[in-house]
Amino acid sequence: MKKGPESGACTLAAPGNLVESDPDTKSSNGASAKAKDTFLSPGELENVPLKPSTETSRKKLCGYLNKLGIKGPIKTWKSRWFFYDENKCRLLYYRTAQDINPLGSIDLSSASFDCKMENGEGVFEIRTPSRVFTLKAISKQAMMYWLQQLQMRRWEFCNTQSRFPVGSSQLVNEPLAGRTNVVDNEDFLPLVKTPTEAVGLKAASLPAPQTSTALQNISLKHPWTEIQNTVYNICGSKQLWGNNGNVFSFDEFQEHPENVDEKQEAEVEAGRAGKEGTLEGGRMEPRLNWIRKARWMNSGFPGSEELSREKNSVDKVSVLQQQILTLTEEVKSQKELVKLLHKALEAAQQEKRVSSMYLTAAEDKDRLELVRHKVRQIADLTSQLEALEQEKKELEQILTLRDSHIQELKEHVQLLMEKNHAKQEVIMALTEQMAREFSDPLQEANTITVETLYKQQEEIEHLKDDIDAYKTQNQFLNSEIHQVTRLWTSVAENEKALLMKCACLQARNCQMESKYLTVLRKLQEAVPGLPSSHAELVKNLIQEALQWDVKEEADEGFNLNPVSEYDEYGFMTVPDYEIEDWKLLAKIQALEIKSNKLRSQEIVEKPLRDRWNSIGELNPSAELKSLIRSGIPVEHRQRVWRWMVSRHCSPVPGHYQRLLEQSRSTEHPACRQIELDLPRTLTNNKHFSSPTSQLIPKLRRVLLAFSWHNPAIGYCQGLNRLAAVALLVLEDEESAFWCLVYIVENLMPADYYSDTLITSQVDQRVFKDFLSEKLPRLMAHFEQYRIDVSLITFNWFLVAFVDSLVSDILLRVWDAFLYEGTKVIFRYALAIFKYNEEEILRIHDSVEIYQYLRFFTRLIVDGRKLMNIAFNDLNPFPMKLLRSRRSMHREELEAELCELEQIKAAYVKERAEQGPQDLKDVVSEEEEEI
């Protein structure tokens, strides 16, 4: 183990040094590190500028402690030299201060500290996830000093490590920007003075504490390390005292003969650095070290008089230094922000250049090369995602360990408080007893001897000492709990920031993959004009893109494909269409929807979910209406749907069971049609995709029960889809039955699902009126090319967009539909056309328009945008106007139907008057052939 002055492994100087740095003479850490690796002459060394340290003066933590060694049933205390390594947050321990290789180390970054008075004076524990180390200091003061210093060093290290490097996402750095210089203002434990006899330079210069036998202190677990240290100490002692009893002979140190400790420290560090220079292959000469030490000693420390004069200005200086650090961190964060913006600009320019290269590429080979470059970029992003996921798992493990340790500390504090309370009661009882005994001096003289009184007083003194010890222990444990809680909070914030960064990367990955698929689709359109080899390559790339499956990634232990195969309700995110172009469109739509969800997760979805969590009992209100329009979270949707159904359609107990009994005993005329429609219900949902699916029998029972419940309708094609969606959300088939009743008999107008579907036809005429008013350009375009939109929209109204919109947007439409009624269907139908209005206006062929209208709902990827169009851009949309339009068009349609009935009756009457035709003269085709 290499130990330099910075890493703190120099056993005679650096590990044992608890010397404060002089801010006027000590160089920065970077300059010191550079001096270690570069040989400088004395003249050059004089010219090196010594910058004042920007950090607070620090002491290196080191000293002798006894470590409890356990070998089977044998437990022994062994003296060890401990030294704290600031770079790695580890506590290294050696057999003596002169050893070069450590026997072991203790990782403090994830450790906790504990002290129990029952274990004896000076005994404390360091608990790591893998092991518990029991240590013992020479006094109580030394123990508290070690514990307090270890707490401080652990906090500083964890706080430094929690910051993200430059170049990380701004979204990740912002939550952590305000925590870089957090100072603990909770003074649970007063600052313990440094026990100079137990730690620091004096402890390093003194001989190591000896155990009962010499062999007892030797580590049997590390024999090779012991041999190395012994050989090194023998060789080092010969070199150290080979030159007239000292390492160096020079007269510069005679200027301050009175400062023995500083001189000794300079000599020790010089000798230690010389040994380290030998270990590093001669890169560092002993001469450089003693020159540096000589210069350090010549500069001197402020005397006691100077310290007393500057004592009043220490607070002001510390405040100014803190402000400087805060401003420095702020400047750094601003610089990082500027760098991020520059990088974002460069990325945008690079993407623009790549797109320009693609568009201006003369040959298809160049275009394919650009596509391959994009594929490589996607692979790089996926590897970054994998690394972040691994880091997230490690943080979760650390968080779990710290939570368990906090719980143990709380239980321990509770036990100590109970014990302290019991001892206080004993003290109070003894005090009252003594007060009663002292109240009668004559009786006291007769009954209590001097010896008894002395014993009682001695016992009281012991109890007071115990109380003081437990107070100190409670103060330390409170500080430990407080600091561990803060560390846990820091880890939780880091985890949240990493999750946000992971979501951003996933969203970016979705966008890149979507662009890649879009490019493939464009290439697919150009396949007829490509050479056969290029056309085959494009075809293979498309097949490979369509075969990306989440199952393949799950086998590798990490989901690189952010789009899952099914959503929460079992709908396929990428339906298995027969047409390959539709498959590509579905895949692109799924990726874009996932990207939008990831980007809006923290900004929109999380606040919305918090608002839903705060709602207790549901009551109609404007706020609830707004929340329902924004979409009900999955965990609340079932409860809210049940509430909306029960408001207008009170379930009758036992009615559904009676209908089932009736359907089992008597076959309904619609039973055959129901059986034909069951396999065609929600074929892109895994719960209905096969005849053996678990929800098929429930759907059959619901439809049969409804056919007996409402004989006027019985069964109409489309009711199967309404009942299926209700089953997916409500899960219980009786609740789904009452939801179907609520939709057909309460939300929809009368005769909507009758044999004539008269109200459905009325709504189509009303919708055309609204389309002319809200989107006049689009309606004029349809009239120009004689497009009848009812051929597309009739099914939307009949089944409330089932099988037309993706599940995520569909269920948001249903949330508002169940609360507000059929007006929501008109709003969303108009919003769908407005969403794609510009694309439709660019098509100037009636056949192409019909083909586009067949799949244009699959191009909707932003559900929030569609919702804003439906409920904001289309306002006003009064229900009174809808009712009046329905009434007007119903009268017109009934008049037309009545006229048709009259024409039909006249035709039948005319045919009856003509009488039956004579078919004898009619010759069949077969007879003519003969």
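1. Focus: the packing of aromatic side chains
Next up, step 1: Under the defined criterion, the tally for this structure stands at 21 aromatic pairs.
Next up, step 2: Both rings, one in Phe833 and one in Phe856, keep their centres 5.6 Å apart while their planes meet at 40°; by these two values the pair is tilted. On the criterion of sequence distance, the pair formed by Phe833 in helix H29 (residues 823–835) and Phe856 in the loop between helix H31 (846–855) and helix H32 (863–873) is long-range, its members being 23 residues apart.
Next up, step 3: Looking at Phe833, the relative accessible area reads 0%, which means it is buried.

2. A look at the pattern of salt bridges
Next up, step 1: For the structure on display, the rule yields 26 salt bridges.
Next up, step 2: The salt bridge involving Glu661 is made with Arg664; its shortest N-O contact spans 2.7 Å. Highlighted residues: Glu661 and Arg664, both in helix H20 (residues 655–665), separated by 3 residues, approximately one helical turn.
Next up, step 3: The class of Glu661 is partly exposed, set by a relative accessible area of 47%.
Next up, step 4: Overall, the relative accessible area of 55% leaves Arg664 in the exposed class.
Next up, step 5: Among the charged side chains, a salt-bridge network with shared partners connects Asp114, Glu125 and Arg127.

3. Here we look at the confidence of the model for the protein
Next up, step 1: Confidence in the prediction for the protein averages 75 pLDDT; 69% of positions are at 70 or higher.
Next up, step 2: Contacts for the low-pLDDT stretch residues 237–311, under 50 throughout, to residues beyond four places or in other chains number 101 contacts.

4. What about the packing of helix H28 (residues 807–820) against H32?
Packed helix pairs are characterised by how far apart their axes lie and by the angle those axes make with each other.
Next up, step 1: With their axes 10 Å apart at the nearest point, H28 and H32 run at an angle of 30° to one another. By the angle between their directions, the pair H28 and H32 is classed as roughly parallel. Along this stretch, H28 crosses H32, giving a crossing that reads as right-handed. Residues Ile809, Arg812, Ala816 and Glu820 of H28 touch H32, and the partners they reach there are Gly863, Arg864, Leu866 and Phe871.

5. Things to note about the state of the cysteines
Next up, step 1: The full count for this structure, using the stated rule, is 0 disulfides.
Next up, step 2: Just so you know, Cys739 is unpaired, no disulfide at all, and the nearest cysteine sulfur is the one on Cys649, 9.1 Å from it.

6. Notes on helix H3 (residues 140–161)
Residue pairs three or four apart in sequence face the same way in an α-helix, which turns once every 3.6 residues.
Next up, step 1: The terminal C-alpha atoms of H3, which comprises 22 residues, lie 32 Å apart, in line with the 32 Å expected from a rise of 1.5 Å per residue.
Next up, step 2: Most of H3 sits out of view: 16 of its 22 residues are buried.

7. Quick word on unusual backbone geometry
Next up, step 1: Asn875 connects to Pro876 through a cis peptide bond whose omega is 0°.
Next up, step 2: Within the secondary structure, Pro876 sits in the loop between H32 and helix H33 (879–914).
Next up, step 3: Despite not being glycine, Cys89 has its phi angle at roughly 55°, a positive value.
Next up, step 4: For Cys89, the location among the structural elements is in the loop between strand S2 (74–85) and strand S3 (90–94).
Next up, step 5: Of note, the phi angle at Asp751 is positive, near 65°, even though the residue is not glycine.
Next up, step 6: For Asp751, the position within the fold is in the loop between helix H24 (733–747) and helix H25 (758–774).

8. Let's talk about a positive patch on the surface
Next up, step 1: A cluster of basic side chains, namely Lys332, Lys335, Lys339 and Lys343, defines a positive patch on the protein surface.
Next up, step 2: Within the fold, Lys332 resides in helix H10 (residues 314–360).
Next up, step 3: Accessibility expressed as a relative area gives 44% for Lys332, which makes it partly exposed.

9. A closer look at the pairing of S2
As a general feature of sheets, a regular strand has side chains that alternate between the two faces.
Next up, step 1: Two strands pair when backbone bridges link them, and S2 and S3 are joined in this way by 5 bridges, in the antiparallel orientation. Note that in S3 the partner of Tyr84 across the bridge is Leu91.

10. Remarks on the nonpolar core
Next up, step 1: Of all hydrophobic cores here, the largest spans 120 residues; its most connected members are Trp641, Leu719, Tyr753, Phe782, Phe801 and Phe833.
Next up, step 2: By size, the runner-up hydrophobic cluster in this structure holds 36 residues, among which are Leu61, Leu91, Tyr93 and Phe124.

11. Comments concerning the side chain of Arg827
Next up, step 1: Secondary-structure assignment places Arg827 in helix H29.
Next up, step 2: Within the buried set, Arg827 has no salt-bridge partner at all; the shortest N-O distance to an opposite charge, 5.3 Å, is to Glu820.
Next up, step 3: A polar contact is formed between the side chain of Arg827 and the backbone oxygen of Ala870, at a distance of 2.7 Å.
Next up, step 4: Among residues more than four places away in sequence, those in contact with Arg827 are Ala870, Phe871, Leu874, Asn875 and Phe877.

Parameters and conventions
- Residues numbered from 1 in each chain as written.
- Predicted model: local features only at pLDDT ≥ 70, side-chain atom pairs only at ≥ 80, totals over all residues.
- Heavy atoms only, no water.
- Phe/Tyr/Trp six-rings, centres within 6.5 Å; stacked < 30°, edge-to-face > 60°.
- Helix = DSSP H or I, 4+ residues; strand = E, 2+ residues; numbered from the N terminus.
- Buried < 20%, exposed > 50% of the residue type's maximum accessible area, 1.4 Å probe, protein only.
- Salt bridge = Lys/Arg side-chain N within 4 Å of Asp/Glu carboxyl O.
- pLDDT = per-residue confidence, 0-100.
- Contact = heavy atoms within 4.5 Å.
- Axes fitted to C-alpha atoms, helices over the stretch in contact; angles between N-to-C directions.
- Parallel < 35°, antiparallel > 145°, perpendicular 65-115°, else oblique.
- Left-handed = near helix turned anticlockwise from the far one by under 90°.
- Disulfide = S-S within 2.5 Å.
- Expected span 1.5 Å × (residues − 1).
- Patch = residues over 30% accessible without salt bridge, like charges linked within 9 Å, V, L, I, M, F, W, Y side chains within 5 Å.
- Areas by Shrake-Rupley, 256 points an atom, 1.4 Å probe, with all protein chains shown as cover.
- Lys, Arg positive; Asp, Glu negative; His and termini not counted.
- Charge placed at Lys NZ, Arg CZ, Asp CG, Glu CD.
- Pairing = 2+ DSSP bridges.
- Core = buried A, V, L, I, M, F, W, Y, C linked by side-chain atoms within 4.5 Å.
- Polar contact = N/O pair within 3.5 Å; in protein donor to acceptor, adjacent residues only side chain to side chain.

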